[in-house]
Amino acid sequence: MANISMTVNGSEVSGDAEDRTLLVEFLRNDLGLTGTHVGCDTSQCGACVVHVDGEAVKSCTMLAAQAAGSEITTIEGLAGGGDLHPVQKAFHENHGLQCGFCTPGMIMAATDMVRRHGASLDEATVRTELEGNICRCTGYHNIVKSILAAASEMGGAQQAAE
Amino acid sequence: MYKTNYHRASSVEEATSLMAGADDGKLLAGGQTLIPTMKQRLAAPSDVVDLRHIADLKGISVAGNQVTIGAGTTHADVANSAEVRSVCPALADLASHIGDPHVRNMGTIGGSIANNDPAADYPAAMVALNATVHTNSRQIGAADFFTGLFETALNDGEIITAVTFDAPEKAAYQKFPNPASRYAMAGVFVAKGGGGVSVGVTGAGSDGVYRASDMEAALNTNFSSDALDGTSVDPADMLSDLHGSAEYRANLVKVMARRAVAAAS
Ligand SMILES: Cc1cc2nc3c(=O)[nH]c(=O)nc-3n(C[C@H](O)[C@H](O)[C@H](O)COP(=O)(O)OP(=O)(O)OC[C@H]3O[C@@H](n4cnc5c(N)ncnc54)[C@H](O)[C@@H]3O)c2cc1C
Ligand code: FES
Ligand code: FES
């Protein structure tokens, strides 16, 4: 048992947890942030993806203790105030989800993808980079459409700001 | 997962002494193999010693044609390294096809070779590049490092610090990924350098990674895909499981080797 502190969605948090606690368990059970999902126990589905120090990782494949001292962003931390994040908005507008179980991980993976590739993101890249995120409902088509829509909006916005 | 004690090391020396002090300790790098294994209760170390915060274990440097990659360097960092891309694009390409983006952000080259999964990608490159594995106590040539399925020459608690190799003139890696796991069903790394051609094969051999010496001989005479026509892969030496029979894998090895020779640059 140790006291684990980290920054989650901009706030300093801490909690007592066993060393074997997974980051996803710490987020869901100790911090009550249940937006991050667990869809498998083999590190394959990506429902649990969060950002650790700016990079997408599977929070079911990391101990909370490994993340101590890091900055974590979860799906709950994406929207600014009342406004959805552009990737969330794109999923909403392009019907990028059905049951929604995979969606938090999809959106965290997508924001990471858009950050790395910007407006140059193309369909083939999106499809290969979704390798680590499994969806049992949509057939991926509208997920890909949503991510491309978000990339062009965010890339466009970036250019406008430059 | 069974109970364990977590330790964070800030230097290789500290990690070495934490391992020495542990009952049944395990080094933890990216955790992309160890954590899933612990979750399945196939591993139950009393202690885990986290190497991820040791700055000395990370980074890539290229001096002339000698490439050094720290053991703690992630697959994503190798894939995105402009230096690796310029001297050995085949290795950057290999790293960019390991698992998925999230796995690549955490998983490390040191963890991959220490684990020596028979379907892992890096071991094929290490044997084909004649790489040297540096540890906290010695240097081991790749040919002696990989000793069997999930087996290496490492002693208990020995820590890989880096791998080094000379950049080849030409190289390429081709893998046929298992459609579900993305691990190699057969992966072939072909490298052509001063010492001739070497061919490392992963995913297929029943003793794990190996060098295909008859293919090497054929390619040393004539570096072209057609030179491989006269070679054969014996199914008796191949893995056979629900994903593919030994005969299927034997065929895949040859197909991947042909593609790798054609793609070598
Ligand atoms: C969904 C998924 C898909 C994957 N797909 C592929 C794939 O296509 N190809 C592929 O090759 N791999 C694949 N992997 C495995 C991945 O590459 C792992 O990252 C890698 O095998 C282990 O590296 P790690 O840094 O995560 O090591 P860890 O999991 O932390 O450790 C693995 C082992 O190595 C030991 N170790 C770690 N670092 C050192 C060191 N410096 N010195 C000595 N021992 C050490 C540990 O004690 C442990 O026994 C996949 C993994 C997942 C979860
Ligand atoms: S819950 Fe993390 S990958 Fe499935
Ligand atoms: S929307 Fe149901 S799993 Fe993806």
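Residues numbered from 1 in each chain as written. Chains lettered and ligands numbered in written order. Predicted model: local features only at pLDDT ≥ 70, side-chain atom pairs only at ≥ 80, totals over all residues. Heavy atoms only, no water.

J.: Explain the site of ligand 1 residue by residue, including any values.
T.: Near ligand 1 you find 32 residues, and of these Leu27, Ala29, Gly31, Leu34 and Thr108 of chain B are the closest. Proximal residues around ligand 1 fall on chains A and B, making this an inter-chain site. Contact between ligand 1 and Ala29 of chain B: an oxygen atom at 2.8 Å from a main-chain N or O atom of the residue. In this structure, an oxygen atom belonging to ligand 1 sits 2.8 Å away from a main-chain N or O atom of Gln32 of chain B. If ligand 1 stood free it would expose 970 Å²; the protein chains cover 95% of that surface. Looking at the shell around ligand 1, the elements with two or more residues in it are strand 2 (25–28) and helix 7 (109–115) of chain B. Across the shell around ligand 1, the residue classes break down as 14 nonpolar, twelve polar and six charged. (Near = heavy atom within 4 Å. Polar contact = N/O pair within 3.5 Å; in protein donor to acceptor, adjacent residues only side chain to side chain. Areas by Shrake-Rupley, 256 points an atom, 1.4 Å probe, with all protein chains shown as cover. Helix = DSSP H or I, 4+ residues; strand = E, 2+ residues; numbered from the N terminus. Nonpolar A, V, L, I, M, F, W, Y, C, P; charged D, E, K, R; others polar.)

J.: Would you mind going over the domain arrangement of chain A in detail, with residue names and values included?
T.: Residue and element names in this part refer to chain A. Structurally, chain A comprises domain 1 (2–78) and domain 2 (86–161). The interface is formed by 19 residues belonging to domain 1 together with 14 residues belonging to domain 2. With both sides pooled, the region where domain 1 packs onto domain 2 buries about 1,200 Å², and carbon together with sulfur makes up 63% of that total. Contact with domain 2 buries surface across domain 1, with His37, Ile75 and Leu78 losing the most and accounting together for 35% of the total. The interface formed by domain 1 and domain 2 includes zero salt bridges. One can count seven residue pairs in polar contact (both at pLDDT 80 or more) joining domain 1 with domain 2. For the side of domain 1 that touches domain 2, the elements supplying multiple residues, two or more each, are strand 3 (49–52) and strand 4 (55–58). Taken together, the residues that form the side of domain 1 that touches domain 2 break down as eight nonpolar, nine polar and two charged. (Domains from an automatic or database assignment. Contact = heavy atoms within 4.5 Å. Buried area = accessible area lost by both parts, 1.4 Å probe. Salt bridge = Lys/Arg side-chain N within 4 Å of Asp/Glu carboxyl O.)

J.: Requested: an account of helix 11 (residues 246–263) of chain B, with residues and values cited.
T.: All names here are of chain B. End to end, helix 11 covers 25 Å across 18 residues, agreeing with the expected 26 Å (1.5 Å per residue, within 8%). Restricting attention to buried positions, one finds in helix 11 the residues Ala246, Arg249, Ala250, Leu252, Val253, Met256, Ala257, Ala260 and Val261. Down the axis of helix 11, the buried side of the element spans an arc of 165 degrees, and every buried residue falls inside it. Relative to its buried face, helix 11 has exposed residues pointing more than 90 degrees away, namely Glu247 and Ala262. Check the buried side of helix 11 and you find it contacts strand 11 (170–177), strand 12 (184–193), strand 13 (196–202), strand 14 (210–211) and helix 10 (213–221). (Expected span 1.5 Å × (residues − 1). Buried < 20%, exposed > 50% of the residue type's maximum accessible area, 1.4 Å probe, protein only. Arc of directions from axis to C-beta.)

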